[in-house]
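Analysis of the macromolecular model
Here is how the chains run, residue by residue.
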Amino acid sequence: VYGGETPGLMRTKFLDSHYGIGKSSNELVKGVDCPYSATFLHTLHLMDSDQPQRIRNSICIFEQNREIPLRRHFSSWFAPPSYGGLLDNVLVVRSVATVGNYDYIFNFVFHNNGVIETKVSPTGYALTSFTSEDATQYGAKLEENVLGNVHTHFLHFKADLDILGTSNSFETKDVEYQLKSVPWKPDQKVYVPSVKSRILETENEAAFRAGTKLPKYLNFVNLAQKNKWGYYRGYRLQVVSFNPDSVPEDSPDEKGISWQRYQVAVTKRKDSERKSSSIYNQNSMWKPPVYFAEFINNESIKNEDLVAWITAGFLHIPHAEDVPNTATAGNAIGFILKPLNYFNNDPSVYSPDAVYIDPANSGCGDNPMACLSDIASCSPNFPEFTYGESNEH
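Everything in this summary refers to the structure shown in the same document.

Here is what the cut-offs are and how they apply
- Residues numbered from 1 in each chain as written.
- Predicted model: local features only at pLDDT ≥ 70, side-chain atom pairs only at ≥ 80, totals over all residues.
- Heavy atoms only, no water.
- Helix = DSSP H or I, 4+ residues; strand = E, 2+ residues; numbered from the N terminus.
- Buried < 20%, exposed > 50% of the residue type's maximum accessible area, 1.4 Å probe, protein only.
- Contact = heavy atoms within 4.5 Å.
- Areas by Shrake-Rupley, 256 points an atom, 1.4 Å probe, with all protein chains shown as cover.
- Lys, Arg positive; Asp, Glu negative; His and termini not counted.
- Charge placed at Lys NZ, Arg CZ, Asp CG, Glu CD.
- Pairing = 2+ DSSP bridges.
- Core = buried A, V, L, I, M, F, W, Y, C linked by side-chain atoms within 4.5 Å.
- Phe/Tyr/Trp six-rings, centres within 6.5 Å; stacked < 30°, edge-to-face > 60°.
- Patch = residues over 30% accessible without salt bridge, like charges linked within 9 Å, V, L, I, M, F, W, Y side chains within 5 Å.
- Salt bridge = Lys/Arg side-chain N within 4 Å of Asp/Glu carboxyl O.

**Re the overall build of the protein chain**
Along the protein chain, the regular secondary structure elements total 0 helices and 18 strands. Projected onto its principal axes, the C-alpha coordinates of the protein chain cover approximately 75 × 65 × 50 Å. Within the protein chain, the fraction of its 393 residues that count as buried is 41%. Intrachain contacts of the protein chain at a sequence separation of at least 6 include 65% that bridge at least 24 residues. Within the structure as shown, the protein chain displays about 22800 Å² of accessible surface, and the carbon and sulfur contribution to it stands at 52%. Between the centroid of the 36 positive side chains of the protein chain and the centroid of its 45 negative side chains there is a distance of 8 Å.

Here is the structure:
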């Protein structure tokens, strides 16, 4: 959604699905878009063609060392001290779609502990218009007589989760502070955080409007399945968004993007509600072929086959550093799916890359990664591994 004083930009709303996100993907550059060592796949599409059109090397898959522990702890309370940790090695599936002036980098990231990230990083170049004396209220000057126009980015995702089957429910958890008397001194009181859980019954209850407070935990659970500790097995939805203001509902063309009214909406899965928009919505935003707001009609969502509709976005007021291209750093949006009592403990404990260091038992057995050069001639020649030496010199 763009702002401006020119006839074109004051009315500009790009619905990028109109142009085809898959069709707009392009060949990935080894060493820049993806590591040289990645596996590259071709994709096919039939948009604007009656024959399959191939886009070469448009998906890449690679393992990435995040250079940060997935988990770690140094135990210093008991002697002798010990250390346990695991590097965050992830599997990444990536593609890039260039829609007009913007490039969208799609990353699907799989962690060893069952966490799945869906992350989109925009880059490209700013859409501009001719500047005037009063035009800076609609953006910022980027060059002589050139205005970078203010705009918002919204992406709408559909997450179809089946937690141990298709009979799922939607649970929210939040924290309330309760004023309690201190048991051993009743005249003193303290605020204590307590967890409040709810199983939502209908689609209307689970449609969270933009600008309203979201519950801290949004969970998809199976009420018939519990883990070892007696909790419903499930996955938590965590939205990563900078929440720009949405288009007011009284705007005549808002119907074409009515999904942006909701931060999150959970509905009963239907074959007739496969997508929240259409390639034709751009041409008829006033009477759109797909009107998402009608998906939310108070149907039961308890013990049903459910889907989540997630809106993530950010506001972009162009600035000098957007020339020549907007940067990806700090602009990633999307959502994260995290196991919530799905397992009995962290499944990454079974990773062969986990490290445990006990000073009483030194050697490569504690950290096999430090001894790779002894068994693999093609691996880097790491310095001799040491740990727990005195900090005194």
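**Overview of the pairing of strand 2 (residues 53-75)**
Relative to strand 2, strand 1 (residues 39-45) runs antiparallel, the two sharing 6 bridges. Across the sheet, Leu41 pairs through a bridge with Ile59, a residue of strand 2. Looking at chain direction, strand 2 and strand 3 (residues 82-99) are connected through 12 bridges and run antiparallel. Directly across from Phe74, in strand 3, lies its bridge partner Tyr83.

**Quick word on the nonpolar core**
Phe170, Phe220, Leu237 and Val266 are the most contacted members of the largest nonpolar core, which has 33 residues in total. For this core, the elements supplying multiple residues, two or more each, are strand 3, strand 4 (102-110), strand 9 (151-159), strand 13 (217-226), strand 14 (232-240), strand 15 (262-268), strand 16 (306-316) and strand 17 (333-340). The leading source of residues in this core is strand 16, at 5 residues. Non-local contacts of Phe170, meaning those with residues more than four positions away in its chain, are made with Arg198, Ile199, Leu200, Ala206, Phe208, Leu218, Asn219, Phe220, Val266, Ile301 and Leu306. Of all hydrophobic cores here, the second largest spans 15 residues; its members include Leu15, Ala265, Phe292 and Ile296.

**Examining the packing of aromatic side chains**
Within this structure, the stated rule accounts for 11 aromatic pairs. For the ring pair Tyr262 and Phe292, a centre distance of 6.2 Å and an interplane angle of 65 degrees mean the geometry is edge-to-face. Of this pair, Tyr262 sits in strand 15 while Phe292 sits in the loop between strand 15 and strand 16; the two residues are 30 residues apart in sequence, bridging distant segments of the chain. Residue Tyr262 shares its accessibility class with Phe292, and that shared class is buried. On the numbers, 5.3 Å between centres and 70 degrees between planes, the contact of Phe292 with Trp309 is edge-to-face. With Phe292 in the loop between strand 15 and strand 16 and Trp309 in strand 16, the pair connects residues that are 17 residues apart, well separated along the chain. In this pair, the class of Phe292 matches that of Trp309, namely buried. Ring-pair connections join several aromatic residues into one group, and the members of that group are Tyr262, Phe292, Phe295 and Trp309.

**Points about a nonpolar patch on the surface**
Together, Val175, Tyr177, Leu179, Tyr191 and Val195 line one region of the surface with nonpolar side chains, adding up to about 570 Å² of accessible area. Among the elements that make up the nonpolar patch, the one with the highest residue count is strand 10 (residues 169-182) (3 residues). Within the secondary structure, Val175 sits in strand 10.

**Things to note about the environment of Phe110**
Looking at where Phe110 falls in the secondary structure, it is placed in strand 4. In this structure, the C-alpha to C-alpha distance between Phe110 and Asn331, residues 221 residues apart in sequence, is 20 Å. Sequence-distant contacts of Phe110, defined by excluding residues within four places in its chain, comprise Val90, Leu91, Val93, Val115 and Ile116.

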